[in-house]
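# Coordinates in review
Residues per chain are reported as follows:
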Amino acid sequence: MNPDQLLQTIDALHAMKNIPREVIFRALEESMAAAVRKRFGEGEDLICTISRESGEVSIEDDEGVYEFEMSELGRIVAQTVKQGFTQRVREAERDVFFDKYEERVGQLISGEVQRYEGQDLVISLGDVEAHLTREDRVRGETYAPGDRTRVIIVEVRKEGSRVKIFVSRTHPDLVRRLFELEVPEIADQIIEIKRVVREPGYRTKMAVLSSDPKIDAIGACVGVRGSRIKAVIDELRGERIDIIRWSDSLETLVMNGLGPAKIHLDNIYPNIERHSVTVLVDEEQQSLAIGKRGQNVRLASRLCGWDIDIKTREEFFKDSEAEAAGNAEREVAAEAADQEEAARQSEEGDGNQEDDGIDDSTDSDAADSDAALSDDGVEEPAEADDRSEATTG
């Protein structure tokens, strides 16, 4: 290959695979140097250089410059160069795709369904394929080859010479990105989506806040005759969406989050120690506040970040009475235990005093005995002296 053809090939690879020209030049230089070192048994000091302007190839080491044509090295060297160059180009292409999609993690992207690979659904993103795993698919959604769908990129990783991209349709950010697409006020950061919680395929709760008091955050997200929210619901294939107004007040946020149930602000009682909130509702509102299979209160709890306990007034007062009775019983039991402990300690004190009295009397008797023995010991020597004197006389 003459220098002009070499430059044309490098330019074509650059345009087709979007790999920087310098990366292609270095890959070719390294492949040529490796092949020549293998062919002639040279050391690592042998390097190959390709002119960026003319395409001329030069090979040199510490001993000097080698002057020969690459075509003179034979078919085996040419094959080695090709294999090495192809491998390096694939790695460079992988790095290009990795950098491109790594920056787009968390963003919305549209793709075309291609096929199934095991449990994964393969979606073409144009220049690369993405995998939609079973866990990241919404239960009940079905796909056929050729269908177009929108997904969120959740992970990009290198596997060998390939880049594997994982996408999701269950991630809460999918709803966030769809509303950013449909509502210009959100894209312009006039309205902020504070939090999104989902049970994919069933229901979503989204809290929004407007920085402009003249703009209604909920009305802007719903759109004229529901046009904006309807577009999002259609993309989510009928998933129900509740849009609520965000508040820094926990009580207000809980009240809004439990909608559409009607709850009075005075009936919300936070417990900071337990990080929970007790909400009193009327009997006709209880089932609405809890939701089907507890779905409404569960999503509201995740939205607020606090455990929420829904009770009617009768249940609340009954539980309060039971708790008060239990506390009273525990207090009585504790008092009785204290009294028993005091009595036991008192009995132990009396027993110790009696033992001290017995020891004192014993010590007194012992002292008397010692005194008697001492007296006897003094008299016996005196009698002995009398007998001695009598004998002498």
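Refer to the structure presented above.
This write-up is about the structure you can find in this document.

Thresholds applied
Residues numbered from 1 in each chain as written. Predicted model: local features only at pLDDT ≥ 70, side-chain atom pairs only at ≥ 80, totals over all residues. Heavy atoms only, no water. Pairing = 2+ DSSP bridges. Helix = DSSP H or I, 4+ residues; strand = E, 2+ residues; numbered from the N terminus. Axes fitted to C-alpha atoms, helices over the stretch in contact; angles between N-to-C directions. Patch = residues over 30% accessible without salt bridge, like charges linked within 9 Å, V, L, I, M, F, W, Y side chains within 5 Å. Areas by Shrake-Rupley, 256 points an atom, 1.4 Å probe, with all protein chains shown as cover. Salt bridge = Lys/Arg side-chain N within 4 Å of Asp/Glu carboxyl O. Lys, Arg positive; Asp, Glu negative; His and termini not counted. Charge placed at Lys NZ, Arg CZ, Asp CG, Glu CD. Buried < 20%, exposed > 50% of the residue type's maximum accessible area, 1.4 Å probe, protein only. Core = buried A, V, L, I, M, F, W, Y, C linked by side-chain atoms within 4.5 Å. Contact = heavy atoms within 4.5 Å. Polar contact = N/O pair within 3.5 Å; in protein donor to acceptor, adjacent residues only side chain to side chain.

Quick look at the sheet that holds strand 6 (residues 129-132) now. Pairing in this closed barrel of five strands is mixed, and the strands run 4-5-6-8-7 around the ring. Each neighbouring strand pair of the sheet contributes to a mean axis angle of 50°, computed without reference to strand direction. Alignment of strand 4 (residues 108-117) against strand 5 (residues 120-124), held across five bridges, turns out to be antiparallel. Considered in strand 5, the bridge of Val113 is made with Ile123.

Before going further, it helps to spend a moment on a negative patch on the surface. On the surface, Asp282, Glu283, Glu284, Glu314 and Glu315 cluster together into a negatively charged patch. Listed by contribution, the elements that provide at least two residues to the negative patch are helix 9 (283-290) and helix 11 (313-392). On the secondary structure map, Glu283 appears in helix 9. With a relative accessible area of 55%, Glu283 lands in the exposed category.

Here the focus is the nonpolar core. Core analysis: the biggest nonpolar cluster contains 23 residues, and Val254, Leu258, Ile263, Val277, Val279, Ile308 and Ile310 have the highest contact counts within it. Taken together, the elements giving at least two residues each to this core come down to helix 8 (250-257), strand 13 (276-281), helix 10 (295-304) and strand 14 (307-312). Contacts of Val279, omitting those with residues within four sequence positions, involve Val254, Leu258, Ile263, Asn267, Ile268, Ile308, Asp309, Ile310 and Lys311. In terms of nonpolar packing, the next biggest core, distinct from the first, is built from 22 residues, Leu7, Leu13, Leu46 and Phe85 among them.

Following Gly259, the chain continues into Pro260 via a peptide bond in cis, with omega recorded as 10°. Tracing the chain through its elements places Pro260 in the loop between helix 8 and strand 12 (268-271). Phi angles above zero are rare outside glycine, and Arg225 is one such case at about 55°. Tracing the backbone shows Arg225 in the loop between helix 6 (217-222) and helix 7 (227-235).

A few words now on the sheet that holds strand 12. The strands making up a sheet associate through backbone hydrogen bonding, with each pair oriented either parallel or antiparallel. Strand order in the open sheet formed by three strands is 12-13-14, and the pairing between neighbours is mixed. Each having just a single partner strand, strand 12 and strand 14 make up the two edges of the open sheet. Averaged over all pairs of adjacent strands, the angle between strand axes in this sheet comes to 20°, irrespective of strand direction. Pairing geometry for strand 12 and strand 13, over four bridges, is antiparallel. Across the sheet, the residue bridging to Ile268 is Val279, located in strand 13. Strands strand 12, strand 13 and strand 14 of the sheet are contacted by helix 8, whose axis makes an angle of about 120° with strand 12.

We now examine the side chain of Arg94. You can see Arg94 is positioned in helix 3 (residues 75-102). For Arg94, a relative accessible area of 17% gives the class buried. Here the side chain of Arg94 touches Asp95 through a polar contact of 3.3 Å, side chain to side chain. Discounting chain neighbours no more than four positions away, the residues touching Arg94 are Lys158, Gly160, Ser161, Arg162 and Val163.

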